[in-house]
Amino acid sequence: MRLKSLDVFRGIAIASMILVNNPGSWKQVYPPLDHAEWHGCTPTDLIFPFFLFIVGCAMSFSLSKYTETTTKIATNIYWRIARRAAILFILGLLLNTSSIALDVLLNSAPVENFGKIRIMGVLQRIGLAYFISAIAILNLSPRNQKLLAVAVLLGYWAALTAGAVGGYSAGELTPEGNLGGYVDRLILGSQHLYKGGPFDPEGLLSTLPASVTVLTGYFTGEWLRVQPIETRTSVNLAICGLSCLVIGHLWGFLFPINKQLWTSSYVVFTAGWALLLLAACYETIEVRNGKWGRPFEIMGLNAIFLFVASGIVARLLLKTHIGIGKTAPTTYTWIYENWFLPWAGPLNGSLAFAVTAVLCWWLILYGMYRRGWAIKI
């Protein structure tokens, strides 16, 4: 069984990621297309948890032949899971390394910068969260899987709000004083964190509640597999989504909704939005056989390729220059200032740049789709 609505959901998420990651200028971005500065949640802050939720939904179908039998699980499935997680982690490391490598090759940056490579990242988190969730799914009963998810969310809440670390007060939820940042600095070292900062938004400790986001997707997929394809199923998804929104919002008064810390309230709140969007896709595509999602489905078929390729191209544009001298603009800036800024203005020109990036990548993926190219891990 394969849900087209899930492929469309994945395509919407990856298209949204390209849109928010490629403004013409980061100083000219509409607020909904930027992350919350710290506490809070914008539409942009929904994209990453949507990816993890989708990973979980897909796992309910790919792992069903192992979870629906009482026989011993073959060792090779664990190797396949570990291999996929490792590939995702390595791809993320290569993306981080490519930025420094381009600086060394094109801008004469010191070779010593390779010693400051960021270890964590988006793909690294997806790989780790996938691995943790898959191991839990294969070794725990459905009831214990849910108990584990609840225990992780409650335990993470207690850990971040009860303890004092690094000379900060108990429950400090600042970039410098939170427990997750302390763990990252202790294990990874400050030089290997995001921009050399006090913590990493895709850090080690916060990967645990991120794994619960994967599990919520898995629970949803397991439920969908046994439901009739009818409007009642869509309504039930929407009701669950609205319930999660309310619970997450209320929890946020005690444990603020925060993407960078991946707080427990953020897990529940974003799961609510994921369920609502999936309900809309399910109703219009599975129940009513709508065709509107075809362009997004094409993008979703090669999501990992698109993530990596778009990241490399963006880095190339940001590290190369048009003109001579230290004041020469980067290729990225030059394109924005010469092709979009004159006719659309600063803010709309920045948005037009991002929309153009989405359209260009869609054309590339459409060509891959026509040739039957699907790059899977």
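### A look at a nonpolar patch on the surface
Together, V246, L250, F253 and L254 make up a nonpolar patch on the protein surface, roughly 450 Å² of accessible area in all. Within the secondary structure, F253 sits in the loop between α9 (231-251) and α10 (264-287). With a relative accessible area of 62%, F253 lands in the exposed category.

### A word on the environment of L93
When you line up the elements, L93 lands in helix α4 (residues 75-107). Judged by relative accessible area, L93 falls into the partly exposed class, the value being 27%. Separated by 31 residues in sequence, L93 and Q124 place their C-alpha atoms 7.5 Å apart. Those residues in contact with L93 that sit more than four places away from it in its chain are R118, I119 and Q124.

### Quick look at the side chain of N178
For N178, the location among the structural elements is in the loop between α6 (142-162) and α7 (179-187). Judged by its relative accessible area of 1%, N178 is buried. Among the polar contacts made by the side chain of N178, one reaches the main-chain carbonyl oxygen of T174 at a distance of 2.8 Å. In terms of polar contacts, N178 uses its side chain to reach the backbone amide nitrogen of G180, at 2.9 Å.

### Comments concerning the nonpolar core
Most often, soluble globular proteins have nonpolar side chains that are buried together. Core analysis: the largest hydrophobic core is formed by 77 residues, its most contacted members being L52 and M59. The element contributing the most residues to this core is helix α2 (residues 47-62), with ten residues. The contact partners of L52, leaving out residues within four places of it in the chain, are I126, A129, A210, T213, V214 and W262.

### Thoughts on the packing of aromatic side chains
Scanning the entire structure with this criterion turns up 15 aromatic pairs. Between Y218 and F219, the aromatic rings sit 6.2 Å apart at their centres with planes inclined by 65 degrees, giving edge-to-face as the arrangement. For Y218, a relative accessible area of 2% translates into the label buried. A ring pair is formed by F340 and W343, whose centres lie 6.4 Å apart and whose planes are at 45 degrees; its orientation type is tilted. Highlighted residues: F340 and W343, both in helix α13 (residues 331-344), separated by three residues, approximately one helical turn. Residue classification places F340 among the buried positions, given a relative accessible area of 10%. Each residue in the set Y332, F340, W343 and F353 is aromatic and connected to the rest through ring pairs, giving one cluster. Stacked on the ring of Y130, the Lys or Arg R84 has its end atom at 5.1 Å from the ring centre.

### What to know about the side chain of H192
Checked against the element boundaries, H192 lands in the loop between α7 and α8 (207-225). Residues in contact with H192, not counting those within four places in the same chain, are G115, K116, I117, R118, I119 and D200.

### Describing helix α12 (residues 303-319)
With 17 residues, α12 should reach 24 Å at 1.5 Å per residue; the first-to-last C-alpha distance of 24 Å fits that figure. Listed as buried for α12 are A303, L306, F307, V308, A309, S310, G311, A314 and K319. Structurally, α12 contributes buried residues whose contacts are with α1 (4-21), α4, α5 (122-139), α11 (294-300), α13 and α14 (346-370).

Thresholds, definitions, all that
Position numbers for residues start from 1 in each chain and track the written sequence from start to end. Where totals are concerned, whole chains, interfaces and linings use all residues; where local detail is concerned, this predicted model gives features only for residues with pLDDT of at least 70, and gives and counts side-chain atom pairs only at 80 or more. Working from all heavy atoms in the structure, the side-chain values ignore hydrogens and water. What makes a patch is a set of residues exposed beyond 30% relative accessible area and free of salt bridges, joined within 9 Å when like-charged and within 5 Å when nonpolar (Val, Leu, Ile, Met, Phe, Trp, Tyr). All accessible-area figures derive from a Shrake-Rupley calculation using a 1.4 Å probe, and residue coverage is judged against the displayed protein chains alone. Definition used for salt bridges: Asp or Glu carboxyl oxygen within 4 Å of a side-chain nitrogen of Lys or Arg. Under the DSSP-based scheme used, a helix requires at least four consecutive residues in state H or I and a strand at least two consecutive residues in state E, with every element numbered from the N terminus. Any residue under 20% of the maximum accessible area for its type is buried, any over 50% is exposed, and the rest in between are partly exposed; the area is computed with a 1.4 Å probe on protein chains only. Here a residue-residue contact requires only that any non-hydrogen atoms of the pair lie within 4.5 Å. Polar contact is defined as a pair of N or O atoms within 3.5 Å, subject to the rule that within protein one atom must be able to donate a hydrogen and the other to accept it, and that residues adjacent in sequence are counted only when both atoms are side-chain atoms. Nonpolar cores are built from buried Ala, Val, Leu, Ile, Met, Phe, Trp, Tyr and Cys residues. Side-chain atoms within 4.5 Å join them into one set. Between rings of Phe, Tyr and Trp, where Trp is taken as its six-membered ring, a pair exists when centres lie within 6.5 Å; planes separated by under 30 degrees are stacked, by over 60 edge-to-face, and by other angles tilted. By definition, being over a ring means that NZ of Lys or CZ of Arg is both within 6 Å of the ring centre and within 35 degrees of the ring normal. By this rule, a helix spans an expected 1.5 Å times one less than how many residues it contains.

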